[in-house]
Amino acid sequence: MIEYSIFEKNLSQVRARIALACESCGRASDTVSLLPVTKNHPVAAVDYALRSGLLAVGENRVQEAADKQGSCLQPVSWELIGHLQSNKAQDAVAIFDRIQSVDSLKLLRRLNRIAGEQGKLLRILLQCNTGEDPNKFGFLVSQAEEVLEAGLEAAHLEVEGLMTIAPLDEDPTVASAAFQRLRDLRDELAGSFGVPLSELSMGMTGDLEAAIAAGSTQIRVGTALYGQRAYL
Ligand SMILES: *Cc1c(COP(=O)(O)O)cnc(C)c1O
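This is a predicted model, so every value here is computed, not measured.

Caption draft 1: Geometry of helix α2 (residues 44-51). Within α2, the full set of buried residues consists of A45, V46, Y48, A49 and L50. Where the residues of α2 are buried, they touch α1 (4-24), β1 (33-36), β2 (56-59), α3 (62-71), β3 (77-80) and α9 (223-226). In the segment just after α2, G53 is the residue with positive phi, at about 95°.

Encoded structure:
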């Protein structure tokens, strides 16, 4: 694990990238939030985020997040950004403040039922595979209306927006196109359903500039903040 001073330096570099990307497309830099991704790093990564004033962290596995919560003393918001298996849904609803990776109708219905049982209003994002990457989870653009309709009808879920992970490709236009498609989809759905869907979670270490240019409101960054992940 890197020293805190290195993390601070990395954080200011990431903030400079955000500021420059925003400037290039005429956006105010406070319209993009930064979610530090602490997966595969020790709980110190969460402590660093808190110490620097960040208020939420992203994790991709339920058990790993639960373990960190157990040893983290201060309050922080926990966001699930990885695929959720149905047998872990119960625990996920209990420990996460928001689930960004709602990638199927079946999962959405299950989360609604569990949130109801736990007496919670669960905040979610709908993960859409706009890059049509066979290696990625997420519903297809053609399913978006049906999934959103179910999400809006679900009494125990609050749909805050959309999330995507761009395909890994040497050609940067591939990620740009996937981000732009998520933005267009959001605009269409927001118009036809009359809901804001204001969160667009897209962009990571390698493609955050392209995501910001396409309208990202939240980038999820691991490597640029914490260095390479140790695959635990
Ligand atoms: C790991 C992960 C990230 C962070 O990726 P980096 O390239 O390390 O910034 C962002 N989003 C999701 C969904 C991830 O799983």
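Caption draft 2: Region of interest: the pattern of salt bridges. Taken as a whole, this structure holds 12 salt bridges when the rule is applied. We note a salt bridge from R61 to E64, for which the minimum N-O separation is 3.2 Å. With a relative accessible area of 41%, R61 lands in the partly exposed category. One salt bridge in this structure joins K68 and E64, with 2.8 Å as the shortest N-O distance.

Caption draft 3: Summary view of a negative patch on the surface. On the surface, E145, E146, E149, E153, D184 and E188 cluster together to form a negatively charged patch. Of all the secondary-structure elements, those providing two or more residues to the negative patch are α6 (144-153) and α7 (172-193). For the negative patch, the leading source of residues is α6, giving 4 residues. Looking at where E146 falls in the secondary structure, it is placed in helix α6.

Caption draft 4: Main features of the layout of surface pockets. Here the largest pocket defines a volume of roughly 830 Å³. Considering the residues around the largest pocket, the lining is formed by 39 residues, among which K39, K136, I165, M204 and R220 are closest to the centre. Counting only elements with at least two residues in the lining of the largest pocket, the list comes to α3, α7 and β8 (218-221). The element best represented in the lining of the largest pocket is α7, accounting for 4 residues. Around the second largest pocket, the lining comprises 13 residues; the ones closest to its centre are V32, S33, L34, L35 and L54. Mapped onto the lining of the second largest pocket, the elements with two or more residues apiece are α1 and β1. The dominant element in the lining of the second largest pocket, judged by the number of residues it contributes, is β1, at 4 residues. When its residues are assigned to classes, the lining of the second largest pocket shows 8 nonpolar, 4 polar and 1 charged.

Caption draft 5: Expanded view of the environment of D103. Relative to the helices and strands, D103 is located in the loop between β4 (98-102) and α5 (105-117). Beyond its immediate stretch of four places on either side in the chain, D103 contacts H83, Q127, F137, G138 and F139. A polar contact is formed between the side chain of D103 and the side chain of H83, at a distance of 2.7 Å.

Caption draft 6: How the structure looks around the packing of aromatic side chains. Counted according to the given criterion, the structure contains 4 aromatic pairs. Ring centres 5.2 Å apart and planes at 25° place the aromatic pair F7 and Y226 in the stacked group. Taken together, the positions of F7 in helix α1 and Y226 in helix α9 put the pair 219 residues apart, joining distant regions of the chain. For the pair F7 and Y226, one class covers both residues: buried. Across the ring face of Y4, the terminal group of R51 is positioned such that the distance to the ring centre comes to 3.8 Å.

Caption draft 7: Layout of the site of the ligand. Residues in close proximity to the ligand include V37, K39, I81, I165, M204, T205, R220, V221, G222, T223 and R229, which together make up its full environment. At 2.9 Å, a side-chain N or O of R220 approaches a nitrogen atom of the ligand. G222 has a polar backbone atom sitting 2.9 Å from an oxygen atom of the ligand. About the coverage of the ligand: the protein hides 89% of its 390 Å² of free accessible area. The site holding the ligand turns out to be the largest pocket. When grouped by side-chain class, the residues that make up the shell around the ligand number 5 nonpolar, 3 polar and 3 charged.

Rules behind the numbers
- Residues numbered from 1 in each chain as written.
- Predicted model: local features only at pLDDT ≥ 70, side-chain atom pairs only at ≥ 80, totals over all residues.
- Heavy atoms only, no water.
- Buried < 20%, exposed > 50% of the residue type's maximum accessible area, 1.4 Å probe, protein only.
- Helix = DSSP H or I, 4+ residues; strand = E, 2+ residues; numbered from the N terminus.
- Contact = heavy atoms within 4.5 Å.
- Salt bridge = Lys/Arg side-chain N within 4 Å of Asp/Glu carboxyl O.
- Patch = residues over 30% accessible without salt bridge, like charges linked within 9 Å, V, L, I, M, F, W, Y side chains within 5 Å.
- Areas by Shrake-Rupley, 256 points an atom, 1.4 Å probe, with all protein chains shown as cover.
- Lys, Arg positive; Asp, Glu negative; His and termini not counted.
- Charge placed at Lys NZ, Arg CZ, Asp CG, Glu CD.
- 1 Å grid on protein atoms, 1.4 Å probe; cavity = no way out; pocket = protein on both sides within 12 Å on 5 of 7 lines; lining within 4 Å.
- Points joined across faces, edges and corners; volume = space filled by probe spheres on them.
- Nonpolar A, V, L, I, M, F, W, Y, C, P; charged D, E, K, R; others polar.
- Polar contact = N/O pair within 3.5 Å; in protein donor to acceptor, adjacent residues only side chain to side chain.
- Phe/Tyr/Trp six-rings, centres within 6.5 Å; stacked < 30°, edge-to-face > 60°.
- Lys NZ or Arg CZ within 6 Å of the ring centre and 35° of its normal.
- Near = heavy atom within 4 Å.
- Sits in = over half its atoms within 2 Å of the grid points.

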